[in-house]
Structures are given as structure tokens and as C-alpha cells.
Amino acid sequence: MNSFTYSPPTVVDAAVRERTNRPDSAYIGGGTNLIDLMKENVAHPTHLIGLKKLPLAEIENTPDGGLCLGAMATNADTAWHPEIEKRYPLLNQAILAGATPQLRNMATDGGNLMQRTRCYYFYDLATPCNKREPGTGCSAIGGYNRIHAILGASEHCIATHPSDMCVALAALEAVVRVSGPQGERTIPFADFHRLPGDRPDLDNTLRPGELITALDLPKKGFEKNFTYLKLRDRSSYAFAVVSVAAALELDGNIITDARLALGGVAHKPWRKTEAEQLLIGKPATLVSFRLAAAELLVGAEGHAHNAFKIELAKRAIVRALKQATEMNYALDTNAFQNSNP
């Protein structure tokens, strides 16, 4: 571990000012990812700006009927908050599917958005990695790439975003609040994370010095028909090979609104509104689900070791939609007879 200095500001403006004036610095919340990166010599900040004394840990109702999650609220406090369990159970499921209880007790909501890829080559300083060191190449493309992206990748990077929480936030259409040298602004969740393009070292659209202060959840939480399905190599404490956040509104057997987001398949949570539109106004059947799954995977490209993820993702989408539907609707047994998602 390289040596570093530390300061714990108590107001947001002071934290932003310090980060802006110290290009060698980094914000640190729970530190569950940054400390690992520093230990592995992937990240090299010489000054850490501690955020725990900032008044950003509250979870509060918003005037428009939504919910505001303070950026310093822990993942555990968020998952088990009564309003999350009642109104946004999809987010509760996604958070609890990630990490360990110990990590969820430390990790913050703002930090969850900022965690970096778990690509083997990103952490291995002996191998080229455009995300770690732009211009050196992507070892995953010609190497072992079983866990890597099948959507939205580029010739410069095929890494995936590791978060479970972010997949649910994408489906729920959260909004990210930030504060920076130019003041405060909001970023729709769909615009927060970047695809790699020719700058895979840039994970998000934050401007220099900006700090995440809160996440706003809209009023609609899809609390009646939802599921978070996570497929992984072992039953717990593993990153998703493929994950699906599915949320529906139903009128009898007819889908009136739908949200779908995938994890483990791209540089960011993968959502495509065209796939959701295919479901709206349609009956909740396997036929409808398969059409949406096919649309969501349009453009998917496998590599030497991960091509299986394309079909796996399609089946996972169908399974997740089926699970979400069955929560509140007695399905026509004929619709699923002799079927295999």
C-alpha cells in the first residue's frame, strides 16, 4: 500500500473544493472497492477525502412521492429500510444479492455506482489493459473472457460493470444528484455510466471534482410484480454471470408497463426501451417474454469463452418475467404448458 494523507470534511462544498484543488486525491466512502484497488496498485491517490462526516446518509420521502437515498447511506441500511422493502422491493432484492453482509454494512449507495470492473486483467499489472492504462491494449479480447461483455463493448474493452444494485436502479429509472465546482446537477441513471468506446478508462459521466450526493427514486416502484434474478457460478458471494431486473404492471393478464435491465453483460447496466415496449399491451405469456428477450439481446456478440451468455441471458429474461408475473397473477396454465424458458 502506498502512503497517503487523509482529511474528513464536514460539508459538501469543502469536500468538492478539496477534490478540485488536489488532482491526486480521491473521495472515499466505505472504501470496499477503492482500498482493494490501492492495495493492488491499480489506483494511486496520494490523498483521500473521507465522506463519512458529510450529512448524506438520510433516506427520505420526496415531495413528488418518491424516495431520496443519501449517497452515504449504506447498502444494508438501504436494503432493510421500511420504505425500500415496501415500495421498492426490486431494489431490496438486488442489494441483498450482492456482496456479503459485512460488505453491505460498509458499502455506500454512492460508492456502489463508482465501483470498478472486476476484470481479471484490470487487476493484473503484468497484463495490458486499456481501462487501467489507456493505449496498452485489451488482454481480455484474446484471452480468457468467460465473465466479459456481450453487449455494448468495443475493440478497446470488453469489461463488465459488477454492481447488482445499479441494475435495479436502471430499471427503476433513478436519478443521480451530484455536486461539483460548477454547482449541483442531476443525471438520469441511464446517462450516468458510459460504454467503453475508445475511452474505457472513463467509467461514468461525472465531471472533475463532482461528488454524488443522493439518488432519487421515482414514485413508481413496481412493488406488486418484480424480480431480481442473478445467475452466478456459486450460490452466494459471486458476481453475476447474467442478472435480470424485471418489473411489470399488469391489468389481469395484460402488461400495461414493463422495465427490464441486465447485469453482467455490458460496461453498464443494460436497458433497451424497445424491448420493454414490445411487452406493453401484450399478454403475459412466454411468447411475449421471448420476443422481448430477443430484442434486448439484439447486437450481442460473444467471444471465445462467453458466447454462451447470449442464450443464457435470453432464458434468464424469460424466467425473470415469468417470476415477476406469477407474484400477482394466476397464469393461464396452457400458456406455460410443456415450456422451457
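Residues numbered from 1 in each chain as written. Predicted model: local features only at pLDDT ≥ 70, side-chain atom pairs only at ≥ 80, totals over all residues. Heavy atoms only, no water.

> Kindly report on helix α1 (residues 12-21), identifying the contributing residues and their values.
For α1, the complete set of buried residues consists of Val-12, Ala-14, Ala-15 and Val-16. For α1, the secondary structure elements touched by its buried residues are β2 (25-28), β3 (47-50), β6 (175-180) and β8 (211-217). (Buried < 20%, exposed > 50% of the residue type's maximum accessible area, 1.4 Å probe, protein only. Helix = DSSP H or I, 4+ residues; strand = E, 2+ residues; numbered from the N terminus. Contact = heavy atoms within 4.5 Å.)

> I'd love a proper account of unusual backbone geometry, names of residues and values included.
When glycine is set aside, most residues are seen to have a negative phi, and most peptide bonds are trans. The phi angle at Ala-99 is positive, at roughly 60°, despite the residue not being glycine. Inspection of the secondary structure puts Ala-99 in the loop between α5 (89-96) and α6 (101-106). You will see that Tyr-237, though not glycine, has its phi angle at about 55°, which is positive. Classification of Tyr-237 by relative accessible area gives partly exposed; the value is 47%.

> Can you break down a nonpolar patch on the surface residue by residue, with the values?
Taken together, the side chains of Leu-278, Val-287 and Leu-291 define a hydrophobic patch exposed on the protein surface, amounting to about 280 Å² of accessible area. Within the element layout of this structure, Leu-278 appears in helix α11 (residues 273-279). (Patch = residues over 30% accessible without salt bridge, like charges linked within 9 Å, V, L, I, M, F, W, Y side chains within 5 Å. Areas by Shrake-Rupley, 256 points an atom, 1.4 Å probe, with all protein chains shown as cover. Salt bridge = Lys/Arg side-chain N within 4 Å of Asp/Glu carboxyl O.)

> Residues and numbers for the confidence of the model for the chain, please.
With 96% of its residues at a pLDDT of 70 or more, the chain shows a mean pLDDT of 95. Contacts from residues 328-340, a stretch scored under 50 in pLDDT, to residues over four places away or in other chains number 21 contacts. (pLDDT = per-residue confidence, 0-100.)

> Which residues make up the side chain of Asp-216, and what values go with them?
Along the chain, Asp-216 falls in strand β8. Classification of Asp-216 by relative accessible area gives buried; the value is 17%. Among the polar contacts made by the side chain of Asp-216, one reaches the side chain of Arg-177 at a distance of 2.9 Å. Look past the residues within four positions of Asp-216 in its chain and what remains in contact with it is Thr-62, Leu-67, Cys-68, Ala-174, Val-175 and Arg-177. (Polar contact = N/O pair within 3.5 Å; in protein donor to acceptor, adjacent residues only side chain to side chain.)

> Quick one: what's the story with the pairing of strand β11 (residues 254-263), residue by residue and with numbers?
Consecutive side chains along a regular strand alternate between the two faces of the sheet. Within β11, 8 of the 10 residues are buried, leaving the element largely enclosed by the surrounding structure. As defined by bridge partners, strand β10 (residues 242-251) adjoins β11 across 9 bridges and the pair is classed as antiparallel. The residue of β11 that forms the bridge with Asp-251 is Ile-254. The hairpin turn running from β10 into β11, its antiparallel successor, is 2 residues long, and Gly-252 in that turn takes a positive phi close to 65°. (Pairing = 2+ DSSP bridges.)

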